[in-house]
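Remarks on the overall topology
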Amino acid sequence: MTPTFSHQEHEDQIYKRWEESGAFNPDTQKNADQLKAPYTILLPPPNANASLHAGHAMFVIEDILIRYHRMLGQPTLWLPGTDHAGFETQYVYEKHLSKQGKSRFQFDRETLYKDIYAFVEENSGTIFDQLKKLGFSCDWSRATFMLDEKVVSTVYATFAQMVKDGLIYRDNYIVNYSPKSGTTFSELEVTYVERQDPLYYIKYGPFTIATVRPETKFRDVALAANPEDPRYKDYIGKTITFDGLLGPVEMQVLADPEVDMEFGTGIMKVTPAHDAHDFALGRKYHLPVTPIIDFQGKMDFSWYLSDTAKKDSLYLERAQKYHGKKVAEARKLIVEDMTAAGMILKVDDKYVHNVATDYKTGSDIEPMVMPNWFVATKKLAAPAIAAAKNGDVTFVPDRFESTFYQWLENIRDWPISRQIVWGIRIPIWYSVNDNPNLSVTFLDKEKQRVTGVISELTKTYSLTDIRSGLQALRAPVDAQFKLSSESPGEEYLPETDTFDTWFSSGQWPLTTLGYPNSDDFQKFYPTQVLDTMWDILFFWVARMIMFGLYRAGKVPFSTVYLHSMVTDEKGAKMSKSKGNVINPIELVDKYGADALRMSLVAGSSPGNPIALSESKVRGYRNFSNKLWNIARFIILAKQETKANQKLQSEDEEFLKELETLIQGTTGNIEKYRFSDAALGLYDFVWNRLASDYLEKTKTREDKEVVFSTLHQAFSQCLLMLHPFIPFVTESIWTEWQKEGLAPDEMLITSPWPTG
RNA sequence: GGACUCGUAGCUCAGUUGGUUAGAGCGCAUCAUUCACAUUGAUGAGGUCAGAGGUUCGACUCCUCUCGGGUCCACCA
């Protein structure tokens, strides 16, 4: 044995031996007692084309649990997989395209999908190799990709069931639309940023209204004031007339108690098409929805320009000037014109408000009305709340239980359609005969983009050409549709929207285990622990609980463990822009996987951040070396053991402490106190066993007693340390096997000490 | 605006239902030895446990308030 432990020399071959031994697979795991309850964890699927970051390394918690339960002799399954990460991946691919001077709009959706698939395939696989470097004992034979056939078929079956149960509906709804990304975002994916914008006080006949968005004024459909407001009482229910930039305007004044008398001037305009609050108000009072911004984020005045008959040339000129301009640009022009016309009474330059932005690109979100597929969530949420209340699912740390309720009790319906190609297509088809007003965008034979209404387009193009060049289809909210994974016939065009990523990943426990009839599902569902970071508690964990209960009638896991967020050494969140990202693989190469694993576990507690630093990793590398040298010392001190050895009191006391350690470590793992377990072992081995007992007994005459005590104690420590630092412990075990100091069974499948 | 969380040694953090002189790692200082390990060993310095008040025989631990970080949710045109 070398004087220092060289992780490079051992880690890869140890991993190979574990894998070849069949230990990772519950069907071939040698020590599995099939009569015992299986133990299962699903690895939260990283993006297929991702590479490892420090957050993934935190899944070491799962490896500890898996290895511990494997050593208890349970059939143990840690099922890995990868996510297609719809939006994320398409975004990466688009950047890749733009480097080649191309854009996604040059491809029909089917070709684009195939290209992205190939791209992902080429860039996938590295994440698994990296997880292996960390020593993760996943059953790779069961690895699942989010777009695998078995996943898609289960997702389709769930969707069909939900349609049948009336949980799916189509609606025109105000959504968070990002013109830049060209898709809708859920409430969770929108980031609000504080910003200072001018607040304009605009003259509206007898009133003054305050707004940061003067460009939408042309499509206001009403005014609203608080019924208690004495300033406007007399106007309520009346229609007022005044001159706007595009001619005379007539508008009704509504009374609504939600209007804040304190804000601005106490009277507001109502623009249902471009504001969530106004949309709700519009619904309440049955106001028309009148858009003025299109899906490219440009001003659309065609509603005004289409009828030029009775309009003043000045008005027409203005409308033409604004038409087709980007929102920000149009706002500038409109403010100029309003100022010139004396309509702007005051501008508050210091107005600070929160603006919704696209969490990915940072550009502004436009609230827009569009047809969407929705999941009615109330009925799904109720059983999930009940499951947590009656303890079917518990949270570590438990304070997350209340945030879980808070979210589920206020859950909103979930828009599940995404206007992107990369994902699982919603299995819906529209008959062009039944739906003459389908709006369609496709590439013709010359690869030119054509957009129009299907009843018109079919006069010029064949349906086959439209179908094969299809990019996007927008069906009216009341369109007739057919649910089917395959095309139901010649006259059908497919829905082009895909499911929100979380719609499929929310079914991960069902899809990976083969709901409803596979052996795996019968055996491993429900799983035991779901370990992830708290940031996706709602996105993902809550959805899995809802889907699990909905389809299988049981929560998919009994414990939700919310592991630490890995930060840099100063406690700051790692991010590329800050330049403080620590690459875990570099640390593994330098100090070994064990050292990194210990660093992430020791001193971390669930739900709280954990600071990672190189010096900490170095310290735990030294611990690996310490173990290695204790093992060497014991080999050198090897003695024939005699029967009826007489222990001295220091031996007995030492072994008693070992006993306490075993109980403590076991208890700590069972209670998810991994840091305590790891630090307890660290302290015992280094301080009690090596610095204290080993040093004190060097001069003892009864060497065989000392040897056997040390040998026994250190063996037990190796067993208990194995889930935390598997490589060095297994390496030592192998050396000891050569010396006849360890049994033949590999450490990974050796029995956990019972004390 | 609402909720959660943290504030303990220079740094990063433990401190399990309140109980004797508050702990670890790293860093620092001094010394030792090449002994299985210099990726070592020994010794040591360093904390009014953010502040104030309260409950208690007793508070780092429980309660209230204040100050200061962090996170999440909601969001007023």
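My aim in this report is to walk through the structure given alongside it, one point at a time. Only a predicted model underlies this, so the values are computations on that prediction, with no experimental measurement involved.

Let's talk about the overall build of chain A
- Looking only at helices and strands, chain A features 26 helices and 30 strands.
- In terms of its C-alpha atoms, chain A occupies a principal-axis envelope of roughly 115 × 60 × 50 Å.
- Partitioning the intrachain contacts of chain A with sequence separation of at least 6 by distance along the chain shows that 78% fall at a separation of at least 24.
- Accessible surface, chain A: about 32400 Å² in total, of which carbon and sulfur atoms supply 49%.

What to know about the protein's contact with RNA strand B
- Taken together, 37 residues lie near RNA strand B, and Asp260, Tyr351, Arg412, Asn629 and Trp686 sit nearest.
- Close to the protein, within 4 Å, the atoms of RNA strand B are drawn from sugar and phosphate at a rate of 58%.
- At 2.9 Å, a side-chain N or O of Lys626 approaches a base nitrogen of RNA strand B.
- Between RNA strand B and Arg632, the relevant distance is 3.0 Å, taken from a sugar or linking oxygen to a side-chain nitrogen or oxygen of the residue.
- Contributing elements (two or more residues each) for the surface near RNA strand B: β13 (267-270), β15 (352-358), α22 (614-636) and α24 (674-696).
- Among the elements that take part in the surface near RNA strand B, α22 stands out by supplying ten residues, more than any other.
- Class assignment for the residues of the surface near RNA strand B results in 13 nonpolar, eleven polar and 13 charged.

A closer look at the environment of Tyr525
- Mapped onto the elements of the fold, Tyr525 is located in the loop between α18 (519-524) and β27 (527-533).
- Owing to a relative accessible area of 7%, Tyr525 belongs among the buried residues under this scheme.
- As a C-alpha pair, Tyr525 and Arg213 span 312 residues in sequence and 52 Å in three-dimensional space.
- Dropping the residues within four chain positions of it, Tyr525 is found in contact with Pro509, Leu510, Leu513, Asp520, Gly548, Ala552, Lys554, Val555 and Pro556.
- Among the polar contacts made by the side chain of Tyr525, one reaches the main-chain carbonyl oxygen of Lys554 at a distance of 2.7 Å.

Focus: the packing of helix α23 (residues 649-670) against helix α25 (residues 703-721)
- Put simply, α23 and α25 touch, their axes get as near as 11 Å, and they point 10 degrees apart. Judged by the inter-axis angle, α23 sits roughly parallel to α25. Here Asp651, Phe654, Leu655, Leu658, Leu661, Ile662 and Thr665 of α23 come into contact with α25, specifically with Val705, Thr709, Gln712, Ala713, Gln716, Cys717 and Met720.

Comments concerning the packing of aromatic side chains
- This structure, assessed with the given rule, holds 49 aromatic pairs.
- With a centroid separation of 5.3 Å and an interplanar angle of 45 degrees, the aromatic rings of Tyr113 and Trp422 are classed as tilted. Of this pair, Tyr113 sits in helix α5 (residues 109-123) while Trp422 sits in the loop between β19 (417-418) and β20 (428-431), placing them 309 residues apart in sequence.
- Classification of Tyr113 by relative accessible area gives partly exposed; the value is 24%.
- Among the residues examined, Trp422 registers a relative accessible area of 1% and is labelled buried.
- Here the aromatic rings of Phe207 and Tyr235 are separated by 4.7 Å at their centres, their planes lie at 80 degrees, and the arrangement is edge-to-face. One end of the pair, Phe207, is in strand β9 (residues 207-211); the other, Tyr235, is in the loop between β10 (222-225) and β11 (239-244), with 28 residues separating them in the sequence.
- By relative accessible area, Phe207 is classed as buried at 2%.
- Between Lys132 and the ring centre of Trp140, over which it is positioned, the NZ or CZ distance is 5.1 Å.
- Residue placement shows Arg543 over the ring face of Trp414; its charged tip is 3.9 Å from the ring centre.

As for the environment of Glu11
- If you trace the backbone, Glu11 turns up in helix α1 (residues 7-21).
- When the C-alpha positions of Glu11 and Val705 are compared, they lie 33 Å apart, and in sequence the two are 694 residues distant.
- Ignoring anything within four residues of it in the chain, the contact list for Glu11 reads Lys133, Val588, Gly592, Ala593, Asp594 and Phe727.

Section: the pairing of β9
- In terms of residue burial, β9 counts as a mostly covered element, since four of its five residues are buried.
- Note that strand β8 (residues 199-204) and β9 share five bridges and pair antiparallel. The partner of Lys203 across the bridge, within β9, is Thr208.
- Hairpin remark: β8 followed by β9, antiparallel, with two residues in the connecting loop; positive phi at Gly205, about 60 degrees.

Points about unusual backbone geometry
- Omega for the bond connecting Val396 with Pro397 falls within 30 degrees of zero, at 0 degrees, which places this linkage in the cis form.
- By secondary structure assignment, the location of Pro397 is in the loop between β17 (394-396) and α13 (400-409).
- In this structure, the amide linkage connecting Tyr525 to the following residue, Pro526, adopts the cis form with an omega of -5 degrees.
- Positionally, Pro526 belongs in the loop between α18 and β27.
- Here Ala85, not a glycine, exhibits a phi torsion of approximately 50 degrees, which is positive.
- Take Ala85: its relative accessible area is 7%, and that puts it in the buried class.
- One non-glycine residue, Tyr672, lies in the positive phi region at around 65 degrees.
- Here Tyr672 lies in the loop between α23 and α24.
- With relative accessibility at 17%, the residue Tyr672 sits in the buried group.

Thoughts on empty space enclosed by the protein
- Taken as a whole, this structure holds one cavity of 30 Å³ or more when the rule is applied.
- Taken as a whole, the largest cavity spans an internal volume of roughly 30 Å³.
- Broken down by element, the lining of the largest cavity gets its largest block of residues, three residues, from helix α19 (residues 537-552).

Some words on the nonpolar core
- Counting residues in each nonpolar core, the largest one holds 96 residues, and the members touching the most others are Phe674, Phe714, Phe724 and Trp736.
- What Phe724 contacts, discounting residues up to four positions off in sequence, is Ile64, Arg597, Met598, Val601, Ile669, Phe674, Ala677, Ala678 and Leu681.
- Counting 86 residues, the second largest nonpolar core, distinct from the first, contains Met146, Phe404, Ile466 and Phe557.

Conventions we followed
- Residues numbered from 1 in each chain as written.
- Chains lettered and ligands numbered in written order.
- Predicted model: local features only at pLDDT ≥ 70, side-chain atom pairs only at ≥ 80, totals over all residues.
- Heavy atoms only, no water.
- Helix = DSSP H or I, 4+ residues; strand = E, 2+ residues; numbered from the N terminus.
- Contact = heavy atoms within 4.5 Å.
- Areas by Shrake-Rupley, 256 points an atom, 1.4 Å probe, with all protein chains shown as cover.
- Near = heavy atom within 4 Å.
- Polar contact = N/O pair within 3.5 Å; in protein donor to acceptor, adjacent residues only side chain to side chain.
- Nonpolar A, V, L, I, M, F, W, Y, C, P; charged D, E, K, R; others polar.
- Buried < 20%, exposed > 50% of the residue type's maximum accessible area, 1.4 Å probe, protein only.
- Axes fitted to C-alpha atoms, helices over the stretch in contact; angles between N-to-C directions.
- Parallel < 35°, antiparallel > 145°, perpendicular 65-115°, else oblique.
- Phe/Tyr/Trp six-rings, centres within 6.5 Å; stacked < 30°, edge-to-face > 60°.
- Lys NZ or Arg CZ within 6 Å of the ring centre and 35° of its normal.
- Pairing = 2+ DSSP bridges.
- 1 Å grid on protein atoms, 1.4 Å probe; cavity = no way out; pocket = protein on both sides within 12 Å on 5 of 7 lines; lining within 4 Å.
- Points joined across faces, edges and corners; volume = space filled by probe spheres on them.
- Core = buried A, V, L, I, M, F, W, Y, C linked by side-chain atoms within 4.5 Å.

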